[in-house]
Amino acid sequence: MSGTTVRDDRAGGRLEAYSGDEVAGRIEYFVLESPRRALVPVHTVVEPAHEGKGIAGSLARELYALSAREGVPVAPLCPYIVKWAERHPQEAPVADPALLDAAREWLAARPELF
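Residues numbered from 1 in each chain as written. Predicted model: local features only at pLDDT ≥ 70, side-chain atom pairs only at ≥ 80, totals over all residues. Heavy atoms only, no water.

A closer look at the packing of helix 1 (residues 55–70) against helix 2 (residues 79–87)
So, point 1. For the pair helix 1 and helix 2, interaxial distance at closest approach is 10 Å and the crossing angle is 75°. Viewed along their axes, helix 1 and helix 2 adopt a mutual orientation that is roughly perpendicular. Residue-level contacts link A56, G57, A60, R61, L63 and Y64 of helix 1 to Y80, I81, W84 and A85 of helix 2.
So, point 2. When the residues that make up the contact of helix 1 with helix 2 are grouped by side-chain class, the tally is eight nonpolar, one polar and one charged. (Axes fitted to C-alpha atoms, helices over the stretch in contact; angles between N-to-C directions. Helix = DSSP H or I, 4+ residues; strand = E, 2+ residues; numbered from the N terminus. Parallel < 35°, antiparallel > 145°, perpendicular 65-115°, else oblique. Contact = heavy atoms within 4.5 Å. Nonpolar A, V, L, I, M, F, W, Y, C, P; charged D, E, K, R; others polar.)

So, in structure tokens, the structure goes:
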């Protein structure tokens, strides 16, 4: 992923990987506020021209690093992030089941957002 930078667009709900000025991939997420604050990734997308370059893994790694810096857990709903977390338990703490349930409920009430 050389030459790629990752930026958090919190207002837009995206963690984006850039290759130059082009968005190479992104994690779409929301911030759960209740029962406690959590980052909830819903989708991971890598643009076809950038597939196979480690973009998705770098985004996942940065998501968990962001979580650690902010002291906020991750409650992953995105299948890619769930699998990545299972393969990297040293970087991705196990999600609290209550937060996962709350995240699913939040998303179910707002299906038009994702």
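Text resumes after the structure shown.
Comments concerning the environment of D9
So, point 1. Within the secondary structure, D9 sits in strand 1 (residues 4–9).
So, point 2. Judged by its relative accessible area of 23%, D9 falls in the partly exposed class.
So, point 3. The sequence separation of D9 and A103 amounts to 94 residues, and the corresponding C-alpha distance is 20 Å.
So, point 4. Discounting residues that sit within four places of it in the chain, D9 has contacts with R14, E16 and Y29. (Buried < 20%, exposed > 50% of the residue type's maximum accessible area, 1.4 Å probe, protein only.)

Observations concerning the pairing of strand 2 (residues 14–19)
So, point 1. Pairing analysis gives six bridges linking strand 1 to strand 2, with the strands arranged antiparallel. Within strand 2, the residue paired with V6 across the bridge is A17.
So, point 2. Following strand 1, the chain reverses through four residues before pairing antiparallel with strand 2; G13 in that reversal takes a positive phi of roughly 70°.
So, point 3. Sheet analysis places strand 2 next to strand 3 (residues 22–32), joined by six bridges and oriented antiparallel. Pairing of L15 across the sheet is with I27, part of strand 3.
So, point 4. Hairpin connection between strand 2 and strand 3: a loop of two residues separates the two successive antiparallel strands, and G20 in this loop has a positive phi of roughly 65°. (Pairing = 2+ DSSP bridges.)

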